[in-house]
Amino acid sequence: MMVFARTKLFTFLVVPFLIVSFALIASAVFGQASDIDYDLWSKQARHAERQIEKDQVSESLRKQVAHWRNLFQGASEVDKPRIATVQSQIEALGAPPEDGAIDPLAERRSELAAELAVLMSPAAKALEAFQKSDGLIREIDQKIRSEQASALVHLTKSPMTISAWPTALSDLAAFHRALQRELKSTVFSDNRWAQFKSRLITFATQVLVSLLLLFGANVIVQKFADLIWVGTQSYQRLTNFSMSLIVTFLQVSGSCYLLGAIIESGLFDLRGAMILNAAYSGRWDDALQNWPLWAFGSIWLGQRLFSGQYASLPTSSPSASGTGILLFGVLSGVFIFDNYIDVIAQYEVVSEQTHAIWNFLPILIGAVVLYRLSKLEYKKGQWKEEDTVLHGAQNPLQWRLIAALKRIAGFIALISPVLAAIGFINAATAIFYPFIQTIALLSFLLILQALVSDIYAAFMSKTVQDEPDDALLPILIGFFLIIMALPLFALIWGARSVDLLEIWNAVQKGIPIGDSRLSLVNLLTFFTIFTIGYMTTRLLQSTLKGSVLPKTAMDNGAQTAIVSGVGYLGIFLAAIFAISSAGLDLS
């Protein structure tokens, strides 16, 4: 009875609430076209045009116009099904008589034409406003890109002016003296000290947990791995990767927890709080602004690339692998130092030349490290020209790409400090730091490619070197990862997020192919279905070859033929299902 009563209560109270909610949402969506204030839009458009004429455009102005464009785009598509229905009705009536004869359907044609005009009027008005807003956005984007190009080639005073260095170093020292005074005044403040003592136990516990995670991560993960992780070589690769990743995660977490505890302690005032928030903001929308992540992540990348039995990019000697890890760590330190300088520059009012000197220092240090990294020697004797697939970067194509990347790194290491020394600080910054981020992202993709090969080998119960022809799937997944990383590369090299959104909208519309349209969603659907079909086929082949066919009386040649035939048929069917699911008409 209680259950029945609760069901009735849900029916009479919740269901009407849901109905009203859906009604309100529907009215908000479908009533959008009629709710657009075109008078307000006209004022906004005139304001945008004046700002464009004055060369006073900004991202906020673009965002306002883009909001209007989204409204107009949605309103231009209202009543599309109804418009298509009326148009089909008009076409069904056929063409009117041309010889002056009486048209018995003239009245019906007029009714349908009037109905079509009424239906198309709001959409046509919205489409006209959409075209205007879209044109304004293109003009704003052009102005913003022009401003960015001008800033890129802006020539400041050279940081090589020796007479300006004492002032720059004095300004830097003055900030730290003020930071020291700030800390002393906070510590010796009775109110602050009383507040700190009231939560001293909590602060000590947080520091203890942070230090435990920071310095005991290796021991914790190793003890845990000894309990649950055992297996073959393929599983050992995955275990090694997982352990290193978890250790890095714990170290980053411990460092962030420690920074958070210091921030909450109230020991630092304005300057200290600015630096600590720059090191770790604690917000999900700013998760990558994280100094511990930069430091430990770079060291982890260096270890996965150069060190150990499962290195993706093994070096020529153990000392070279240690050097590579050290260089990656120093590059992360350069990034942190540059960000630290930017934080100080936001607070302190300094001259343009002082700011140029501050920026020149990390670029010069980073250039030396980058040049040393470009001269690192790797093991090249592990592959031959006839090899097709080996673990990690051990194939000729990847080695050629790495060789080209080393040459580019040497060039960047030389040109960046030269540009900065001349006075093109913005240009040097726009070249040097994005290239370092590109190296980090490429390294991560290379490690992911090796991980995919390990997972595939473990799934198929073989070593990575066995049956290289079976490595098609890891190659396809690696190619897919590179495609997915292209927006990140674009953002690294200065592309604006709004530009990527424009490209995304264009990609979503797709390319018309006959009666169908090829879009990114179709490609993702095709790739997913084909991958599932391919993996199922390989798993079936492995089962037939290892468990089913050896128990029959067939000879080895017949067994091989059956396994190959199942593979060809499975791949063919996977391709057919993938193409059909993607919405492509094979006819």
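Residues numbered from 1 in each chain as written. Predicted model: local features only at pLDDT ≥ 70, side-chain atom pairs only at ≥ 80, totals over all residues. Heavy atoms only, no water.

A few words now on the overall build of the protein chain. The helix and strand inventory of the protein chain stands at 20 helices and 2 strands. Put simply, the protein chain has 587 residues, and 38% of those count as buried. Sequence-distant contacts, at least 24 apart, represent 74% of the contacts inside the protein chain between residues at least 6 apart. Roughly 34,200 Å² of accessible area belongs to the protein chain as shown, and the carbon and sulfur atoms make up 66% of that amount. (Helix = DSSP H or I, 4+ residues; strand = E, 2+ residues; numbered from the N terminus. Buried < 20%, exposed > 50% of the residue type's maximum accessible area, 1.4 Å probe, protein only. Contact = heavy atoms within 4.5 Å. Areas by Shrake-Rupley, 256 points an atom, 1.4 Å probe, with all protein chains shown as cover.)

Turning our attention to the nonpolar core. If you look at the biggest cluster of nonpolar residues, it comprises 41 residues, and the most contacted ones within it are Leu305, Phe306, Leu313, Phe328, Leu370, Tyr378 and Phe432. Beyond its immediate stretch of four places on either side in the chain, Phe328 contacts Ser298, Leu301, Gly302, Leu305, Phe306, Leu373, Ile439 and Ser443. Counting residues in hydrophobic clusters, the runner-up holds 21 residues, among them Val57, Val65, Leu71 and Ile144. (Core = buried A, V, L, I, M, F, W, Y, C linked by side-chain atoms within 4.5 Å.)

It is worth spelling out helix 12 (residues 291–306) at this point. Along its 16 residues, helix 12 runs 23 Å from first to last C-alpha, staying within 8% of the 22 Å computed at 1.5 Å per residue. Burial in helix 12 covers these residues: Trp291, Pro292, Gly297, Ser298, Trp300, Leu301, Gly302, Arg304, Leu305 and Phe306. Where helix 12 begins, one side-chain oxygen reaches toward the backbone nitrogen of Leu293, 3.1 Å away; that side chain belongs to Asn290. Phi turns positive one or two residues past the end of helix 12, at Gly308, with a value near 90°. (Expected span 1.5 Å × (residues − 1). Polar contact = N/O pair within 3.5 Å; in protein donor to acceptor, adjacent residues only side chain to side chain.)

Right, let's talk about the packing of aromatic side chains for a bit. One pass over the structure, following the stated rule, counts 15 aromatic pairs. For the pair Phe241 and Trp300, a centre-to-centre distance of 5.8 Å together with 65° between the ring planes defines the contact as edge-to-face. In this pair, Phe241 sits in helix 10 (residues 233–265) while Trp300 sits in helix 12, placing the two residues 59 residues apart along the sequence. Each of the two residues, Phe241 as well as Trp300, counts as buried. The rings of Tyr38, Trp41, Trp68 and Phe72 are connected pair by pair, giving a single aromatic cluster. A cation over an aromatic ring shows up here: Lys125 above the ring of Tyr38, its NZ or CZ 4.3 Å from the ring centre. (Phe/Tyr/Trp six-rings, centres within 6.5 Å; stacked < 30°, edge-to-face > 60°. Lys NZ or Arg CZ within 6 Å of the ring centre and 35° of its normal.)

The next subject is unusual backbone geometry. At Asp55, a residue that is not glycine, the phi angle is positive and equals roughly 60°. With respect to the helices and strands, Asp55 occurs in the loop between helix 3 (38–53) and helix 4 (59–76).

Low-pLDDT portions of the prediction should not be read for the details of their coordinates. Confidence in the prediction of the protein chain, expressed as mean pLDDT, is 80, and 84% of residues score 70 or more. Looking across the protein chain, the model is least confident in helix 1 (residues 2–30), with a mean pLDDT of 37, and most confident in helix 12, with 93. Taken together, the stretch residues 1–33 has pLDDT below 50 and engages in 8 contacts with residues farther than four places along the chain or on a different chain. (pLDDT = per-residue confidence, 0-100.)

It is worth spelling out the packing of helix 4 against helix 6 (residues 106–152) at this point. For the pair helix 4 and helix 6, the least separation of the axes is 8 Å and the interaxial angle reads 155°. The angle between the axes of helix 4 and helix 6 places the two elements in the roughly antiparallel class. In this structure, the crossing between helix 4 and helix 6 has a hand that is left-handed. Touching Glu59, Leu61, Arg62, Val65, Ala66, Arg69, Phe72, Gln73, Ala75 and Ser76 of helix 4 are Ala123, Ala126, Leu127, Ala129, Phe130, Ser133, Asp134, Leu136, Ile137, Ile140, Asp141 and Ile144, all from helix 6. Each residue belonging to the contact of helix 4 with helix 6 can be placed in one class, and the counts come to 14 nonpolar, 3 polar and 5 charged. (Axes fitted to C-alpha atoms, helices over the stretch in contact; angles between N-to-C directions. Parallel < 35°, antiparallel > 145°, perpendicular 65-115°, else oblique. Left-handed = near helix turned anticlockwise from the far one by under 90°. Nonpolar A, V, L, I, M, F, W, Y, C, P; charged D, E, K, R; others polar.)

Before going further, it helps to examine helix 5 (residues 80–92). Structurally, the α-helix is built with 3.6 residues per turn, so residues lying three or four positions apart point the same way. Between its terminal C-alpha atoms helix 5 stretches 18 Å, which fits the 18 Å expected from 13 residues at 1.5 Å a residue. One or two residues past the end of helix 5 sits Gly94, with phi positive at roughly 80°.

This part covers a positive patch on the surface. Together, Lys43, Arg46, Arg50 and Lys54 make up a region of like positive charge exposed at the surface. Within the secondary structure layout, Arg50 lies in helix 3. Classification of Arg50 by relative accessible area gives partly exposed; the value is 42%. (Patch = residues over 30% accessible without salt bridge, like charges linked within 9 Å, V, L, I, M, F, W, Y side chains within 5 Å. Salt bridge = Lys/Arg side-chain N within 4 Å of Asp/Glu carboxyl O. Lys, Arg positive; Asp, Glu negative; His and termini not counted. Charge placed at Lys NZ, Arg CZ, Asp CG, Glu CD.)

Glancing now at the pattern of salt bridges. Tallying each qualifying case throughout the model produces 12 salt bridges. Residues Glu115 and Arg82 are paired through a salt bridge, measuring 2.4 Å at the closest nitrogen-oxygen approach. Separated by 33 residues along the polypeptide, Glu115 in helix 6 and Arg82 in helix 5 bring together distant segments of the chain. Exposure remark for Arg82: the relative accessible area of 36% places this residue in the partly exposed category. A salt bridge links Arg271 to Glu348; the nearest nitrogen and oxygen atoms lie 3.8 Å apart. One end of the pair, Arg271, is in helix 11 (residues 270–279); the other, Glu348, is in the loop between helix 13 (318–347) and helix 14 (352–374), with 77 residues separating them in the sequence. Look at the salt bridges and you will find they share partners, linking Glu59, Arg62, Asp141 and Arg496 into a network.

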